[in-house]
Every structure is written in C-alpha cells, then in structure tokens.
Amino acid sequence: MFIDKANIFLTAGRGGDGCISFRREAGVPYGGPNGGNGGKGGNIYFEADPHKTTLLDLSYRPKFKADDGQKGQPSDKYGKYGKDLIIKVPAGTLVFKNGGLFADLKTAGEKILAAKGGRGGRGNASFKTAKNTAPRIAENGEPGETAEINLELRLIADVGFVGLPNAGKSTLLAKISAAKPKIADYPFTTLAPNLGVVDYKGRHFTAADIPGIIEGAHEGKGLGLEFLRHIRRTKVLIHLIDVSGFDESDPYENYKTINNELKKYSKYLAKKHIIIVLNKIDLPDSQKHIKAFKKHLKTKKFIMISAATGEGVDKLLAETVKMLDKPLKFNAEEEIEVVPVKKYVYEPEFKIHMEDGVFVVTGKKVETLTEMTKFSEEDALRRYQNILKKMGLEDELERMGCKPGDLVRIGGLEFEYEK
C-alpha cells in the first residue's frame, strides 16, 4: 500500500541517574566518593533509505522511543549509553517537527538528528571539592527530547506523467520501463503514484505516473490534491491526452482542464518543461481528432504516439532526454519549502506567571534542574535551592508578591514557598 503521509511522536532516551557511593575498603586510606555518572540517553535520527518507497510502516506505529541510559555504578563506573534509534524513510521525505519544516531528506543515506537524548546525571564523585570531600549529591538523568513529527513524501522523479484518467499514463510507463502498474479501461485505475526507471540509449531517468487529476483537483476533488505534490520535484512534465476523447469528451477541453489545474496548484508547474503528447493514435477516427486538436493549438509543439503499440514512443523519449538537459527558467528547489536557518534568540532563564493562585515557574534551565535533582538527599536539595537563589528566582517571586506559605510550581514539583 502506498502511504505518503504519516504523523508520529518521538521520545529520545532519558539519561541514566548518577550514583552515590563511597569507597570503603580495609587498608585503603582516603576512600572518598566514587559514584559514577549515568549514561547518555539514545538519540533518534531519520535516514533516507533508497529501498523504501512508502511511509506505510510508520503509519502503523505512531510512537517511537530510544533506549534510556543506564545508571552510574560504584567504583567510578559510568552507565552504558542508550542505543540510538534510526528511523528509515524514503528519499524525498519532508520532516516537519512541532509544526515547522525541519529537514528535506533528498539524498539516499542522508541522516538528520530529530530528537536528542538526555545527558546522564552526574554521580557524587563529580561533586567532590576541597571544602566538601564527601558529598551526598548525585543527579537524576536528563529527560530525552520529545517531538511531534509529520512526514510527507514527495517522490523524486525526473519526469512526471500528467493527464486525465484513462489518458494512457500507466500504459506508457509500462511500455518504457520495467514498472508493472495496474491497467484497465475505466477511470481511476491508478490509485497511487507509480515509479519506473527508463533506459534510453544508455541514458537513465526516473518517471512517475501521477494519478487522479480531474477538474477541481487543486481543491481536493478526486485524488489530485493527494498526489499533485509528487510532481513538484520533477524537471519535465509529459502531458498525455487521449486523442479519441475518452467518454466522448473533447481532447482540447481535456488539455485545458489539466493545464488550469496545474497553474492553480502551483505557479512553478507551468514553468517546467512540458511535452504535449497525443496518445492512442492507433484508434479509429484518431486522425480526425488530431486535425481538430491542431486547429486549437497551432503555436504549440506536440508529439503523437500510441503507448499500446509503441508508435512514436522513441521520438517521445528522445525529446524527453533533450528536455532533461535544458536548464529550467527557475531554480527547481524554489518550489520546495526551504528549511529555515536556525536563529538563536536570547530568552530569560525563567518566567513566572499566576495560575489558579499558584506561582508557576517555567524555563528549560529551571525545569531541567528540577527533573535532575534527587530531593531525597539533603545535600542535593540544598544545592538546588542555592542555584535557584543565584538565578534570582527568590527575588523575582518576592517582587511578584509571593509570601511564605504560597504555592510555587516548577515542572512537576509543587512546594510551599519559604524564604
């Protein structure tokens, strides 16, 4: 089944907790603290895989989590790092993270870090100082990054076939490549894009048969809106027209219908190299329809073929190769969303607001500190309070009218304020 969109949720691995331990061995003076640090949590990556052609696997599994780091051990032993998780996606996949475009994986093997694992908590050996030679302080592991990811596949093809249903796109693709699309004499035979690799006199290019374009496709009618995105990366469009006028329709009106849909969907599609192809010239009365079509399209060059018999196909392939070598009038990458440049904006270490009578403190630094503090250890609690005081949190709370006994919430922790 061809699936070109998926919505998934990522949770990178949490760091392992630090260890509180002291070296106590007979005959060994100056034992001291020897609790090791926790291991780092696993990262989550996306990697473009040339062997994948659909996002089907991801649509069945919406949640992904990397391995957590292991706890630190006595004797200064570090915890084992959590194993990274690599999610394979087809080349041509756009990655949207938390609502914004994050990456465009166009090249096979290209890899991007999507969710970073949390660092391991430090053991008490890391807190030893000249003044505090036996600290009972260790950190919990840092939580891994979480993210909501939307994936959108856009096939990477050099040439795209467009046209109304039954124009002969699938028949042509089967004729010029090893692809085996479903072919029948009724509309909407093709329900998903088909890809085929064409070898013409030693020149290779990829062609895609795009289904479902009808009048109103740019507004979501038929299957068009779902699959029009797949021709946005192509350099050449082959516009196939059933010269016999399928279901007694007018070939020229059919031609105008597709042209209008392409223009309404994207201003770039009409600027691509377009080859107009009159198909099914082997059918009775085809010459009569060709003459009528020529009267409307005197200034346009077109090629006449029969995808079923192969007549004119060689000429079409030669013209296609010629068009592939011609530069476009615009940069093809302009029509693909540009991954924004990262901007680093200074933000205060914390913010405070009132919520149902509670002073709620937010900010990555204070929330991470809260997550990583072992409140069961008196030394760790004292360190936590000292850090918040140095950050100016106590002064800001009092400035906002916080008094002893008022509730303060930081992350998942809620406590009564005391000066």
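Before reading further, recall that the structure is shown in the block above.
Analysis parameters
Residues numbered from 1 in each chain as written. Predicted model: local features only at pLDDT ≥ 70, side-chain atom pairs only at ≥ 80, totals over all residues. Heavy atoms only, no water. Pairing = 2+ DSSP bridges. Helix = DSSP H or I, 4+ residues; strand = E, 2+ residues; numbered from the N terminus. Axes fitted to C-alpha atoms, helices over the stretch in contact; angles between N-to-C directions. Phe/Tyr/Trp six-rings, centres within 6.5 Å; stacked < 30°, edge-to-face > 60°. Buried < 20%, exposed > 50% of the residue type's maximum accessible area, 1.4 Å probe, protein only. Lys NZ or Arg CZ within 6 Å of the ring centre and 35° of its normal.

**Thoughts on the sheet that holds strand S2 (residues 44-49)**
Reasoning step 1: Pairing in this open sheet of 3 strands is mixed, and the strands run S4-S2-S7 from one edge to the other. Among the strands making up the open sheet, the edge pair consists of strand S4 (85-90) and strand S7 (111-115). On average, each strand axis in the sheet is inclined to that of its neighbour by 30°, with strand direction left out of account.

**Some thoughts on the packing of aromatic side chains**
Reasoning step 1: Taken as a whole, this structure holds 5 aromatic pairs when the rule is applied.
Reasoning step 2: With a centroid separation of 6.0 Å and an interplanar angle of 80°, the aromatic rings of Tyr 255 and Phe 293 are classed as edge-to-face. Of this pair, Tyr 255 sits in helix H4 (residues 251-265) while Phe 293 sits in helix H5 (residues 286-296); the two residues are 38 residues apart in sequence, bridging distant segments of the chain. This pair shows no difference in class: Tyr 255 is buried, exactly as Phe 293 is.
Reasoning step 3: Seen in terms of ring centroids, Phe 293 and Phe 302 are 5.7 Å apart; in terms of plane orientation they differ by 90°. Their pairing is edge-to-face.
Reasoning step 4: Look at Phe 293 and you get buried, because its relative accessible area is 2%.
Reasoning step 5: Through pairs of rings, three or more aromatic residues link up here, namely Tyr 252, Tyr 255, Phe 293 and Phe 302.
Reasoning step 6: Positioned above the aromatic ring of Phe 102 is the side chain of Lys 97, whose terminal nitrogen or guanidinium carbon lies 4.8 Å from the ring centre.
Reasoning step 7: Lys 111 extends its terminal NZ or CZ atom over the ring of Tyr 45, reaching a point 4.9 Å from the ring centre.

These results come straight from atomic positions and should not be treated as a statement about function.
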